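A look at the structure
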Amino acid sequence: MRAPAKKSARRATPATLSARLSGHVTLEARANGDVVVGIDGYAVGLGKFGADIADCLPRLRTGLPLASFASGRKADKDIDLLVRRLARHGLLEYRLGRSRSGADPVVVEPQTPDYWPQTPQLRDTDAVVLSRFAYMRRRASEMVLESPRARALFKICDPKIASALAALSTPQQIKRLRRADGFPGLELLALLVDCQILFKVGAAGDNGLRPTEGDEKLVLWDFHDLLFHARSTEGRHANPAGGVYAFVDAISPPPAVRASWPGKKIDLHTVSAQQSEAIGPATKLLRERHSTREFDDRRPITLAELSRFLDGTARVHSTFNTTLDLGNGGPAFTYAVRPYPSAGGSYELELYLAVDKCDGLPRGFYHYDAGEHALVQIDVRAPEFEAMLKGAEFAMDAAAVPQILITIAARFGRVSWKYSSIAYALILKDVGVLLQTLYLMATDMGLGGCAIGSTNIELFAKMTGIEFHVEGPVGLFAIGRGKPATTPG
């Protein structure tokens, strides 16, 4: 007589997905119905809720199953509203399942404020594989799985799950995965597909996985370039960013000027003294260049000045075509000539202007058409426009928003179509060259300018409707009329 078959992993009880407060967050329900969240000593109100809301707050510390407030009752609607408001502020994480020891096998940590976990349907005939942008690394004593394309990262606390996910470096059919030891669960796979850490391929696999994943623009990205772009800007990760002085308690600041090398010195002052004492115009501009963070809003920059500024720094002067010699022929490639140098003549940088004050130009968001020397207004939502200007004000530590904020965006494919391994590095070099060009032109015109180190790629994507890997911000520059210098007394 044949022994009874063992129960298949496919009959396992689905893992429960629960929402809980992030570790640094506190939540308080006050007597008047207000719910207040505490973050690093700051209090933020989330609105008024019913009397029953206080009972669920302790459960949000340990984990509130998302399915538990889907009934449509008044109390459940309040809980759903509260949880989604917390999610929009990036104050939640999500626990998937619970092991017998009480530990969390997987914790989902949002990387964008609008992340909400979704579990798309997966069929037994579907085959999935890890994205070429996905990577697993140690974070302190934890293992995390993440990707620059993902809106969440996954803290993997169970080594068996980590091992099972690593096996997805080659396409695997869901039906086969269900039968394997250490099956990570359909819910986790669905969450990973939603975050683009996994993606579906044909059931028979796919030998060309790079073109299969995403669109043709994504094909042009190398792994390290997309990771660098997403993690060195704001908008698609939850890591500290900017001047946070992370190592102030660990090491002393490096000196402003490097210590001299040992050996004989050749004094260049004596050589300089033999030259003409006259200072050339380029040298004068370089010496006078400085960052301006405060602008005179009583005398804003004019449209005529802005036109001259853009004409002198970014306008396309001419274009020409050439046929690429790739051994057995090649396509025609168009080059443009602009006032600043660019890697390989790529000229991939575009200028977008958030105009707060400009005499002769309505307030709004514009693209500079460098070929036509024209401004084209783009319709954007007011909260996003204000957030862009306020972000620049905060980054500059200024008292007000700049008169005009220039976003330098890159058409990434223009460079990566030609260059491998160094594409993003070349783009950043081009940004540095353009920023210096903007500084010198502003100085020559008697205007004030300031380069800004932080950019929010997710905010720009929402404003333009362009995906972050197709065209996105790589630099910012504030321009306007600086406040008159004040003298004591």
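Each value, and the rule that gives it
Residues numbered from 1 in each chain as written. Predicted model: local features only at pLDDT ≥ 70, side-chain atom pairs only at ≥ 80, totals over all residues. Heavy atoms only, no water. Helix = DSSP H or I, 4+ residues; strand = E, 2+ residues; numbered from the N terminus. Contact = heavy atoms within 4.5 Å. Areas by Shrake-Rupley, 256 points an atom, 1.4 Å probe, with all protein chains shown as cover. Lys, Arg positive; Asp, Glu negative; His and termini not counted. Charge placed at Lys NZ, Arg CZ, Asp CG, Glu CD. 1 Å grid on protein atoms, 1.4 Å probe; cavity = no way out; pocket = protein on both sides within 12 Å on 5 of 7 lines; lining within 4 Å. Points joined across faces, edges and corners; volume = space filled by probe spheres on them. Nonpolar A, V, L, I, M, F, W, Y, C, P; charged D, E, K, R; others polar. Axes fitted to C-alpha atoms, helices over the stretch in contact; angles between N-to-C directions. Parallel < 35°, antiparallel > 145°, perpendicular 65-115°, else oblique. Left-handed = near helix turned anticlockwise from the far one by under 90°. Pairing = 2+ DSSP bridges. Phe/Tyr/Trp six-rings, centres within 6.5 Å; stacked < 30°, edge-to-face > 60°. Buried < 20%, exposed > 50% of the residue type's maximum accessible area, 1.4 Å probe, protein only. Polar contact = N/O pair within 3.5 Å; in protein donor to acceptor, adjacent residues only side chain to side chain.

What follows is about the overall build of the protein. Across its full length, the protein carries 15 helices and 21 strands. In terms of principal-axis extent, the alpha carbons of the protein reach across some 105 × 75 × 55 Å. Restricting to contacts in the protein with at least 6 residues of sequence separation, those with at least 24 account for 69%. For the protein, the accessible surface area stands at approximately 26,900 Å², while carbon and sulfur atoms represent 54% of it. Computed over 60 positive and 53 negative side-chain charges, the separation of the two mean positions in the protein equals 7 Å.

Before going further, it helps to examine the layout of surface pockets. One number sums up the size of the largest pocket: a volume of about 1,900 Å³. Counting residues per element, the ones that place at least two in the lining of the largest pocket are strand S6 (92-96), strand S7 (106-110), strand S9 (135-139), helix H12 (382-396), strand S19 (404-411), helix H15 (457-464) and strand S21 (471-480). Top contributing element to the lining of the largest pocket by residue count: H12, with 6 residues. Residue classes in the lining of the largest pocket are distributed as 22 nonpolar, 17 polar and 11 charged.

All right, on to the packing of helix H11 (residues 303-313) against helix H14 (residues 423-444) then. Running from amino to carboxyl end, H11 crosses H14 at an angle of 140°, the nearest separation of the two axes being 10 Å. When the interaxial angle is binned, H11 and H14 end up oblique. Like other packed secondary-structure pairs, H11 and H14 cross with a definite hand, here right-handed. Every residue of H14 that contacts H11 at Arg-308, Phe-309, Gly-312 and Thr-313 is listed here: Leu-434, Thr-437, Leu-438, Met-441, Ala-442 and Asp-444. Split by residue class, the contact of H11 with H14 holds 5 nonpolar, 3 polar and 2 charged.

On to the sheet that holds strand S3 (residues 34-39). Read from one edge of the open sheet, 3 strands run S2-S3-S4, paired in antiparallel fashion. Strand pairing shows two members of the sheet lacking a second neighbour, strand S2 (25-29) and strand S4 (42-48), which therefore form its edges. This sheet shows a mean twist of 20° between the axes of neighbouring strands, independent of strand direction. One ladder, built from 5 bridges, connects S3 with S4; its direction is antiparallel.

Next up on the list: empty space enclosed by the protein. In total, this model carries 2 cavities of 30 Å³ or more according to the counting rule given. Volume-wise, the largest cavity comes out at about 50 Å³. The wall of the largest cavity is formed by Ala-314, Arg-338, Tyr-340, Leu-349, Glu-350, Leu-351, Tyr-368, Ala-370 and Leu-434. Looking at the lining of the largest cavity element by element, the count peaks at 3 residues for strand S16 (residues 349-355). For the lining of the largest cavity, the residue count by class is 7 nonpolar, no polar and 2 charged. Looking at the second largest cavity, the residues that line it are Leu-220, Trp-221, Asp-225, Phe-412, Ser-416, Ala-423, Tyr-424 and Ile-427. Looking at the lining of the second largest cavity element by element, the count peaks at 3 residues for H14. Per-class residue counts for the lining of the second largest cavity are 6 nonpolar, 1 polar and 1 charged.

Looking now at the packing of aromatic side chains. Taken as a whole and judged by the stated rule, the model has 14 aromatic pairs. Between Phe-228 and Tyr-424 the ring centres are 5.2 Å apart and the planes differ by 75°, which places this aromatic pair in the edge-to-face class. One end of the pair, Phe-228, is in helix H8 (residues 223-231); the other, Tyr-424, is in helix H14, and 196 residues separate them in sequence. When its relative accessible area of 40% is taken as the criterion, Phe-228 is described as partly exposed. In this structure Tyr-424 comes out as buried when scored by relative accessible area, which is 2%.

The buried count for H15 comes to 6 of 8 residues, which makes it a mostly enclosed element. The complete set of buried residues in H15 reads Ile-457, Glu-458, Leu-459, Phe-460, Ala-461 and Met-463. Two to three positions downstream of the cap, the backbone nitrogen of Glu-458 sits 3.1 Å from a side-chain oxygen, assigning the N-cap of H15 to Asn-456. Where H15 ends, the next residue or the one after it, Gly-465, has phi of about 75°, a positive value.

For the rest of this paragraph, the subject is the environment of Asn-321. Of note, Asn-321 is situated in strand S14 (residues 318-323). With 102 residues separating them along the chain, Asn-321 and Ala-423 place their C-alpha atoms 22 Å apart. Setting aside residues up to four positions removed in sequence, Asn-321 forms contacts with Phe-333 and Thr-334. Side-chain polar atoms of Asn-321 contact the side chain of Thr-334, separated by 2.7 Å.

Even without being a glycine, Gln-196 presents a positive backbone phi close to 65°. The class of Gln-196 is partly exposed, set by a relative accessible area of 32%. Its identity is not glycine, yet His-373 carries a phi of approximately 50°, on the positive side. Examined against the element boundaries, His-373 turns out to sit in the loop between strand S17 (364-369) and strand S18 (374-378). Residue classification places His-373 among the partly exposed positions, given a relative accessible area of 22%.

Pairing in this open sheet of 6 strands is antiparallel, and the strands run S18-S17-S16-S19-S21-S20 from one edge to the other. Taken across any chain shown, the strands that pair with only one partner, and hence form the sheet edges, are S18 and strand S20 (448-452). The mean angle between the axes of side-by-side strands here comes to 30°, regardless of whether they run parallel or antiparallel. Bridge count for S20 against S21 is 5 bridges, and the pairing is antiparallel. Residue pairing for S21: Gly-449 is matched across the bridge by Ile-479.

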